[in-house]
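Summary of structural features
Residue-level listing of the chains:
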Amino acid sequence: EDSSGPNSLSVRDTPDGSVCVVGLKSHVVRSPQDVQRLMALASTKRATASTAMNAVSSRSHAICTFHLTMDPTNLDSNDGCREKITAKLTLVDLAGSERIK
């Protein structure tokens, strides 16, 4: 945990035993371009440093979780599906994982 920068996050335990990330942000996206813009912005906030393995190695972990919802009432399709479909996708980039083969 590095709390030295203005954009850092702090992971804390809560009294009920769950985990809270102070400073975490959630964004609603409606297009692949929205996702790409946010991923590029997040990438600029990651700490990097030179290592023997990689000149621009990431020195921070990154976790991106997508909560996807497909609402058939907003589609022009007549495929018969009328239930809302949800999914969760979590992408994890571990600092220093370029050494893993």
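Residues numbered from 1 in each chain as written. Predicted model: local features only at pLDDT ≥ 70, side-chain atom pairs only at ≥ 80, totals over all residues. Heavy atoms only, no water.

**A few points about the overall build of the chain**
Helix and strand counts for the chain come out as one helix and six strands. Beginning at the N terminus, the succession of helices and strands in the chain can be written as β-β-α-β-β-β-β. Taking all 101 residues of the chain together, 8% fall into the buried category. Considering only contacts within the chain whose residues lie at least 6 apart along the sequence, 32% involve residues at least 24 apart. For the chain, the accessible surface area stands at approximately 8600 Å², while carbon and sulfur atoms represent 54% of it. (Helix = DSSP H or I, 4+ residues; strand = E, 2+ residues; numbered from the N terminus. Buried < 20%, exposed > 50% of the residue type's maximum accessible area, 1.4 Å probe, protein only. Contact = heavy atoms within 4.5 Å. Areas by Shrake-Rupley, 256 points an atom, 1.4 Å probe, with all protein chains shown as cover.)

**Points about a nonpolar patch on the surface**
Judged by side-chain polarity, Met 39, Leu 68, Leu 89 and Leu 91 come together as a nonpolar surface patch covering roughly 330 Å² of accessible area. The topology assignment puts Leu 68 in strand S5 (residues 62-70). (Patch = residues over 30% accessible without salt bridge, like charges linked within 9 Å, V, L, I, M, F, W, Y side chains within 5 Å. Salt bridge = Lys/Arg side-chain N within 4 Å of Asp/Glu carboxyl O.)

**Re the confidence of the model for the chain**
Chain-level statistics for the chain give a pLDDT mean of 77 and a share of 66% at 70 or above. Per-element mean pLDDT across the chain ranges from 56 in strand S4 (residues 57-58) up to 91 in strand S6 (residues 85-93). (pLDDT = per-residue confidence, 0-100.)

**Quick notes on the environment of Val 22**
Checked against the element boundaries, Val 22 lands in strand S2 (residues 19-22). Distance in space between the C-alpha atoms of Val 22 and Ser 10 is 5.1 Å, their sequence separation being twelve residues. Not counting residues within four places of it along the chain, the set of residues in contact with Val 22 comprises Ser 8, Leu 9, Ser 10 and Arg 12.

**Some thoughts on the environment of Ala 95**
Examined against the element boundaries, Ala 95 turns out to sit in the segment after S6. Separated by 35 residues in the primary sequence, Ala 95 and Ser 60 have C-alpha atoms spaced 5.0 Å apart.

**Side note on the pairing of strand S1 (residues 10-13)**
Bridge analysis of S1 against S2 gives four bridges, and the strand direction is antiparallel. By the bridge assignment for S2, Asp 13 is matched with Val 19. (Pairing = 2+ DSSP bridges.)

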